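Architecture and fold: a report
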Amino acid sequence: MSRGLIAGAALTALFVAAAGLSFLWTPGDVEAMNIAARLQGPSAEHWLGTDHFGRDMLSMIMVGARTSIAVALVAVGIGMGIGVPLGLTAAANRGGWLDEVISRGSDLVFAFPSLVIAILITAIFGPGAVNAILAIGIFNIPVFARLTRGAAIALWSREFIMAARVAGKRGPRISVEHVLPNLANLLIVQGTIQFSLGILAEAGLSYVGLGAQPPVPSWGRMLADAQTMVSLAPHVAIIPGLAIVLMVLGLNLLGDGLRDRLDPRLNAVRA
């Protein structure tokens, strides 16, 4: 097992564990303000200090991890749940009108930056975690559709697919029983990458006020609130920024490690 995979898994597990623990316990109440204790540095009472409202920063990071992970996870689930069937359908009907519609639809979405689309959607339907999930999920759909289509087309010329067709199996059944299992490794790796991008997208939307709304803690919102107080208390900006960096780094390392471990071509090169 590579060091990158171990490091990525450890970082990811750390934040997932913190998010899970926040359902049961946090060092402080994230909704309770204590102005007398505002902008305190790290101490025995507040391990990561306090913010401009006197709230415990460690508690905010823990609950913020829960928000970011939930938004990114559901958004990736939407993208994978819709995009993968679309990609399989396009590959099974390669060259047909259905393939053309799916492919051109994906190209249309890719013509616009993902964050711009997310900002547009949340600006139209209003800020909030649910709309942020929909915005990020919509952009994930063509990502998985295009990836699935390209990989599935290569599989449709393989001998085991021809054998399945000779056996009388139709396109949808072949896609589910033979094509999809052979794409599982690729989809897992891409899902990890999109998960990290979802974390960044959620932080970006929250930073501009279109993501999770107060009093729900969000790493992006914490950065936005801290931008005018960096000179007074640098930790209020450094800590949420570092959390975003470490979470995204961990997911990217995890994705790269899984790709190296699951891709048979890379295994053959190492052998």
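Before any of the text, the structure's been laid out above.
1. Remarks on the overall build of the chain
Helix and strand counts for the chain stand at 10 helices and zero strands. Going from the N terminus to the C terminus, the chain shows its helices and strands as α-α-α-α-α-α-α-α-α-α. Across its three principal directions, the C-alpha atoms of the chain cover 75 × 50 × 30 Å. Residues classed as buried in the chain amount to 45% of the 271 residues present. Across the chain, every contact between residues at least 6 apart in sequence was considered, and the portion connecting residues at least 24 apart equals 69%. Looking at the chain as shown, the accessible area adds up to about 13,800 Å², and 68% of this sits on carbon and sulfur atoms. The averaged location of the 15 negative side-chain charges in the chain is 12 Å from the averaged location of its 18 positive side-chain charges.

2. Some points on unusual backbone geometry
Following Pro214, the chain continues to Pro215 via a peptide bond in cis, the omega torsion being 10°. Even without a glycine there, the phi angle at Leu39 is positive, about 60°. Structurally, Leu39 is set in the loop between α1 (3-22) and α2 (57-92).

3. Some thoughts on the nonpolar core
Counting 37 residues, the largest nonpolar core has Val179, Leu183, Ile199 and Trp219 as its most contacted members. When contributions to this core are tallied by element, the ones reaching two or more residues are α1, α2, α5 (129-155), α6 (159-166), α7 (171-207), α8 (219-226) and α9 (235-262). Ranked by the residues each element gives to this core, the list is headed by α2, at 11 residues. Not counting the four nearest positions on each side in its chain, Trp219 is found in contact with Phe15, Ile61, Gly64, Ala65, Ser68, Ile199, Pro240, Ala243, Ile244 and Met247. Counting 14 residues, the second largest nonpolar core, distinct from the first, contains Ala75, Ile136, Val143 and Leu210.

4. Quick word on the environment of Ser2
Tracing the backbone shows Ser2 in the segment before α1. Along the backbone, Ser2 and Ser206 are 204 residues apart, and their C-alpha atoms lie at a distance of 34 Å.

5. Considerations on the packing of aromatic side chains
Counted under the stated rule, the structure contains two aromatic pairs. Between Phe110 and Phe139, the ring centres sit 5.8 Å apart and the planes meet at 85°, which makes this aromatic pair edge-to-face. Pair noted here: Phe110 is in helix α3 (residues 97-110) and Phe139 is in helix α5, with a separation of 29 residues, a long-range link. Phe110 sits in the partly exposed class, given a relative accessible area of 31%. Exposure remark for Phe139: the relative accessible area of 16% places this residue in the buried category. Across the ring face of Phe23, the terminal group of Arg66 is positioned such that the distance to the ring centre comes to 4.5 Å.

6. A few points about the pattern of salt bridges
Applying the stated criterion to the full structure yields nine salt bridges. Notably, a salt bridge pairs Asp99 with Arg149, separated by 2.7 Å at the nearest N-O pair. Linking Asp99 in helix α3 with Arg149 in helix α5, this pair joins segments that are 50 residues apart in sequence. A relative accessible area of 4% places Asp99 in the buried class. Of the residues examined, Arg149 reaches a relative accessible area of 24% and is grouped as partly exposed. For Glu100, the salt bridge identified is with Arg104, shortest N-O distance 2.8 Å. Taken together, the positions of Glu100 and Arg104, both in helix α3 and four residues apart, correspond to about one turn of that helix. A relative accessible area of 42% places Arg104 in the partly exposed class.

So, how was this worked out
- Here the residue numbers are simple positions, counted from 1 along each chain's written sequence.
- pLDDT decides what is reported in this predicted model: residues at 70 or higher carry local features, side-chain atom pairs at 80 or more are listed and counted, and totals for whole chains, interfaces and linings draw on all residues regardless.
- The basis for the side-chain values is all heavy atoms of the structure; hydrogens and waters are excluded.
- Strands here mean DSSP runs of E at least two residues long; helices mean DSSP runs of H or I at least four residues long; both are numbered from the N terminus.
- Each residue is assigned to one of three classes by its accessible area relative to the maximum for its type, calculated with a 1.4 Å probe on protein chains only: buried under 20%, partly exposed between the two thresholds, exposed over 50%.
- Any pair of residues with heavy atoms lying within 4.5 Å of one another is described as a contacting pair.
- Under the convention used here, a 1.4 Å probe and the Shrake-Rupley method define accessible areas, while residue burial counts only the protein chains that appear.
- His is not counted, nor are the chain ends; Lys and Arg add positive charge and Asp and Glu add negative charge.
- Charge coordinates come from a single atom per side chain, which is NZ of Lys, CZ of Arg, CG of Asp or CD of Glu.
- Take the buried residues of types Ala, Val, Leu, Ile, Met, Phe, Trp, Tyr and Cys, join any two whose side-chain atoms come within 4.5 Å, and each joined set is a nonpolar core.
- For this analysis, a ring pair means two rings from Phe, Tyr or Trp (six-membered ring only for Trp) whose centres lie within 6.5 Å, classed as stacked if their planes differ by under 30 degrees, edge-to-face if by over 60, and tilted for the remaining angles.
- Our definition puts a charge over a ring when NZ of Lys or CZ of Arg is within 6 Å of the ring centre and also within 35 degrees of the ring normal.
- Take a side-chain nitrogen of Lys or Arg and a carboxyl oxygen of Asp or Glu: if they are within 4 Å of each other, that pair is a salt bridge.

Coordinates in, geometry out; function isn't part of it.
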